[in-house]
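# Fold and contact review
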Amino acid sequence: MKASVEFRFSQRLGDEATAHETGIFHYWIADANGIRNDHYIHFEALLVKENGWQTLMEYQKGPASENEWEKLKR
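Residues numbered from 1 in each chain as written. Predicted model: local features only at pLDDT ≥ 70, side-chain atom pairs only at ≥ 80, totals over all residues. Heavy atoms only, no water.

### Things to note about the side chain of R8
- Along the chain, R8 falls in strand β1 (residues 2-14).
- Look at R8 and you get buried, because its relative accessible area is 4%.
- Separated by 3.0 Å, the side chain of R8 and the backbone oxygen of W69 make a polar contact.
- With near-sequence residues (within four places) excluded, R8 lies in contact with T22, G23, I24, F43, W69, E70, L72, K73 and R74. (Helix = DSSP H or I, 4+ residues; strand = E, 2+ residues; numbered from the N terminus. Buried < 20%, exposed > 50% of the residue type's maximum accessible area, 1.4 Å probe, protein only. Polar contact = N/O pair within 3.5 Å; in protein donor to acceptor, adjacent residues only side chain to side chain. Contact = heavy atoms within 4.5 Å.)

If you want it as structure tokens, here you go:
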């Protein structure tokens, strides 16, 4: 089994200690036969900088389309 995740952002706000990010993540998983299943999910995340950036809270808002994904900057 193989899997991967990638993030694209529509908004990133923050300072030296905190951040809020909004965007879409693309998660895919492939089974032993190589059959791949892709998911695009809208999300918001709140991060704090403590020993590096740590996600304090994440909200997976709902499904996104591949078209919405493609419109976000890489």
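### Considerations on the sheet that holds strand β2 (residues 18-30)
- In space, the four strands of this open sheet follow the order β1-β2-β3-β4, with antiparallel pairing throughout. Since the sheet does not close on itself, it has two edges, and those belong to β1 and β4 (53-63), each with one partner. Here the strands of the sheet are splayed against their neighbours by 30° on average, with no regard to which way each runs.
- As judged from the nine bridges shared by strand β3 (residues 36-49) and β4, these two strands associate in the antiparallel manner. Each bridged residue has a counterpart across the sheet, and for H42 the counterpart in β4 is G62. (Pairing = 2+ DSSP bridges. Axes fitted to C-alpha atoms, helices over the stretch in contact; angles between N-to-C directions.)

### Focus: the packing of aromatic side chains
- Counted according to the given criterion, the structure contains five aromatic pairs.
- Seen from their ring centres, F7 and F25 are 5.8 Å apart, and the 45° between their planes marks the pair as tilted. Of this pair, F7 sits in strand β1 while F25 sits in strand β2, placing them 18 residues apart in sequence.
- Ring geometry for F7 versus F43: centroids 5.5 Å apart, planes at 80°, classification edge-to-face. Linking F7 in strand β1 with F43 in strand β3, this pair joins segments that are 36 residues apart in sequence. (Phe/Tyr/Trp six-rings, centres within 6.5 Å; stacked < 30°, edge-to-face > 60°.)

### Some details on the pattern of salt bridges
- Counting across every chain of the model gives four salt bridges.
- One salt bridge connects E21 with R12, and the closest N-O pair in it is separated by 2.6 Å.
- Overall, the relative accessible area of 12% leaves E21 in the buried class.
- For R12, a relative accessible area of 53% gives the class exposed.
- Linking E44 and K61 is a salt bridge whose minimum nitrogen-to-oxygen distance equals 3.1 Å. In this pair, E44 sits in strand β3 while K61 sits in strand β4, placing the two residues 17 residues apart along the sequence.
- Since its relative accessible area comes to 25%, E44 is described here as partly exposed.
- The class for K61 is partly exposed, based on a relative accessible area of 45%. (Salt bridge = Lys/Arg side-chain N within 4 Å of Asp/Glu carboxyl O.)

Geometry only, nothing functional implied.
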